[in-house]
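Spelled out, the chains give:
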Number of protein chains: 2
Amino acid sequence: MSETNTKNKRLKHKENLRKKILEVAKELFLKHGYDSISIRKIADKIGISPTTIYLYYKDKSDVIYALHQEGFKMLATQFAMLRNVDEPFERLKAMGRSYIEFALENRDFYELMFIMREPIAFVNKNYACEWEEGGAAFEALLVTVADCKSRGYFKQADLHAMSLYIWATIHGICSLKLQGHLDHVVSAHFPEKEHQLNLEKAFDTLVLILRSIQ
Amino acid sequence: MSETNTKNKRLKHKENLRKKILEVAKELFLKHGYDSISIRKIADKIGISPTTIYLYYKDKSDVIYALHQEGFKMLATQFAMLRNVDEPFERLKAMGRSYIEFALENRDFYELMFIMREPIAFVNKNYACEWEEGGAAFEALLVTVADCKSRGYFKQADLHAMSLYIWATIHGICSLKLQGHLDHVVSAHFPEKEHQLNLEKAFDTLVLILRSIQ
DNA sequence: AAATATAATTAACAGTGTTAATATTTTAAA
DNA sequence: TTTAAAATATTAACACTGTTAATTATATTT
């Protein structure tokens, strides 16, 4: 009885400290960016020794991968709210807007999830399996595109290719925006234009095009 | 006479060492990736002291920015070969293929040029102007899209928005491919498909769509 | 040849991730 | 309850990183 009790306490403590490490890592990440996530800084903030962290995470990229997973949970939560949009093309548009909104409001997380190589390199070398969270998000897109097709949209295109294409386009828009390329290049050629609108205009163009190929 | 001569010699020596530093940095970059570009490693390879590099480049991000510029020269060279393609839509397709080819054959350079934040942060903080090389590449796209429009393509869409959209789409395809997301996510859902084709299929979808909205 | 620029170096600072050896604390058995 | 064992945490150290200030060496000019 008391054995299992103490065991549970230890397990709970382990879990708590593991969570605490992730929490502090997230705090550093959101406050001062990716580069200032440091094992030593995390340890200092918690009040433990840097090496203790290695008892809870394999290495630094393990911590970063945990952060990566956090981000996908956030995105999944946002996507889940769109399930009640019945008309598939409307849902597709809403997903696009939601994705862009996520990218703009969680820039660092988006970078970690879709731009940086480190987290996916970690999962490749350690788990040797696939990328569950990302796969789930892509599945949501696939289902919606399939629904669109069943209602007469995108007749000429392959489901697989079409989904990939849509994701690539919206990711491209977000990626260029976040890295500053969008405003930078465009302002050089269109100094009079309002930069904030570039992203919206690119998205509207996608919607326009998708509608026109119905 | 002899004064200017010795002055020239010194200037030449300065230029040569500056070039040598960049050359070695490029070598390290291409052989072992971005992360193994280190001031100390560059210095060791040349046989000079690490601090000497600071007499030729402001700091590490200055070296990396120089590498960044190298990449844009390479891309410009590749684009220049397409000027003789007369039919604008054919030229647009060729540019897209050329861009993708560049990304696949110079993965590290592409990452440095369009994905990483460091070089553009450097130019922002130091030159306070714009991003010439990138601007030139975008201008080439703009001109081609304008030519397409003048021949009846993309009637409904704005030149500006359309160009941005095309760039974003192709960049998105390249970006997802290079970071491994493309194959990773898709293979989870389509294990039987050939991964190499994902990129081509996404590009073909773009071309199909662009043609259909003529 | 001496004075003066220029160029390059050494030494040091303040960081980084990570490992091996050691100490401490907690749990289980005698 | 005391002792052996297991789990947990720490210190010290290694091998790196970019970068700066002070110093030395080299080349140019007076």
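The model shown is predicted, which means the values in this text are computed figures rather than measured ones.

A. Inspection of the overall build of chain A at higher detail. For chain A, the count of helices and strands is 10 helices and zero strands. Tracing chain A from N to C terminus, the helices and strands come up as α-α-α-α-α-α-α-α-α-α. A burial count over chain A gives 50% of its 214 residues as buried. Within chain A, counting contacts between residues at least 6 apart in sequence, those at least 24 apart form 67% of the total. Accessible surface computed for chain A: about 10800 Å², of which carbon and sulfur atoms make up 51%.

B. Highlighting the relation of the copies chain A and chain B. Expressed as a screw transformation, the operator carrying chain A onto chain B has a rotation angle of 180 degrees and an axial translation of 0.0 Å, and the superposed copies differ by an RMSD of 0.0 Å. Overall, the copies show the geometry of a two-fold rotation axis. With an isologous cut-off of 70% or more, the 100% of interface residues of chain A that recur at the interface of chain B puts this contact in the isologous class.

C. Representation of the interface of chain A and chain B within the structure. Listed by partner, the interface residues are 53 residues for chain A and 53 residues for chain B. Buried area between chain A and chain B, summed over both chains or domains, comes out near 4700 Å², and the portion from carbon and sulfur atoms is 69%. Three residues, R117(A), H160(A) and H184(A), lead the burial of chain A against chain B; their summed loss comes to 14% of the area buried on that side. Salt-bridge contacts for E111(B) lead to R117(A); the nearest nitrogen and oxygen are separated by 2.8 Å. At the boundary of chain A and chain B, one finds 14 residue pairs in polar contact (both at pLDDT 80 or more). Elements with a minimum of two residues in the side of chain A that touches chain B: α5 (107–115), α6 (118–126), α7 (132–150), α8 (159–178), α9 (181–189) and α10 (196–212) of chain A. Among the elements that line the side of chain A that touches chain B, the one with the most residues is α8(A), at 14 residues.

D. Quick peek at the pattern of salt bridges. For the structure shown, the criterion picks out 16 salt bridges over all chains. E90(B) serves as the salt-bridge partner of K93(B), at 3.2 Å between the closest nitrogen and oxygen. Note that K93(B) and E90(B) are positioned in helix α4 (residues 88–105) at a spacing of three residues, about one turn of the helix. On the basis of relative accessibility, which here comes to 13%, the residue K93(B) falls in the buried class. What emerges from the salt-bridge pattern is a single network uniting E27(A), K31(A) and K45(A).

E. Summary view of the packing of helix α3 (residues 60–80) of chain A against α6(A). Residue and element names in this part refer to chain A. Running from amino to carboxyl end, α3 crosses α6 at an angle of 110 degrees, the nearest separation of the two axes being 9 Å. In terms of orientation, α3 and α6 fall into the roughly perpendicular class. Between α3, through S61, D62, I64, Y65 and H68, and α6, the contact on the second element is made entirely by E118, P119, F122 and V123. For the contact of α3 with α6, the residue count by class is five nonpolar, two polar and two charged.

F. Quick peek at the side chain of K93(B). Only 3.2 Å separates the side chain of K93(B) from the side chain of E90(B), close enough to count as a polar contact. Contacts of K93(B), omitting those with residues within four sequence positions, involve F203(B), V207(B) and R211(B).

G. Up close: unusual backbone geometry. Residue and element names in this part refer to chain A. Even without being a glycine, F154 presents a positive backbone phi close to 50 degrees. Positionally, F154 belongs in the loop between α7 and α8. Classification of F154 by relative accessible area gives buried; the value is 1%.

H. Here's a closer look at the environment of V145(A). All names here are of chain A. Structurally, V145 is set in helix α7. For the pair V145 and I166, spaced 21 residues apart in sequence, the C-alpha separation works out to 9.4 Å. Filtering out sequence-adjacent residues up to four positions away, V145 remains in contact with L92, F154, L159, M162, S163 and I166.

I. Focus on the packing of aromatic side chains. Inspection of every chain in the model, using the stated rule, returns 22 aromatic pairs over all chains. Between Y99(B) and Y110(B), the aromatic rings sit 5.5 Å apart at their centres with planes inclined by 85 degrees, giving edge-to-face as the arrangement. Here Y99(B) is found in helix α4, whereas its partner Y110(B) is found in helix α5 (residues 107–115), with 11 residues between them in sequence. Taken individually, Y99(B) and Y110(B) each receive the classification buried, so the pair is uniform in this respect. Through a chain of ring-to-ring contacts, three or more aromatic side chains come together here, namely F72(A), Y99(A), Y110(A), F114(A), F138(A) and W167(A).

Each value, and the rule that gives it
- Residues numbered from 1 in each chain as written.
- Chains lettered and ligands numbered in written order.
- Predicted model: local features only at pLDDT ≥ 70, side-chain atom pairs only at ≥ 80, totals over all residues.
- Heavy atoms only, no water.
- Helix = DSSP H or I, 4+ residues; strand = E, 2+ residues; numbered from the N terminus.
- Buried < 20%, exposed > 50% of the residue type's maximum accessible area, 1.4 Å probe, protein only.
- Contact = heavy atoms within 4.5 Å.
- Areas by Shrake-Rupley, 256 points an atom, 1.4 Å probe, with all protein chains shown as cover.
- Least-squares fit on C-alpha atoms with pLDDT ≥ 70 in both.
- Buried area = accessible area lost by both parts, 1.4 Å probe.
- Salt bridge = Lys/Arg side-chain N within 4 Å of Asp/Glu carboxyl O.
- Polar contact = N/O pair within 3.5 Å; in protein donor to acceptor, adjacent residues only side chain to side chain.
- Axes fitted to C-alpha atoms, helices over the stretch in contact; angles between N-to-C directions.
- Parallel < 35°, antiparallel > 145°, perpendicular 65-115°, else oblique.
- Nonpolar A, V, L, I, M, F, W, Y, C, P; charged D, E, K, R; others polar.
- Phe/Tyr/Trp six-rings, centres within 6.5 Å; stacked < 30°, edge-to-face > 60°.

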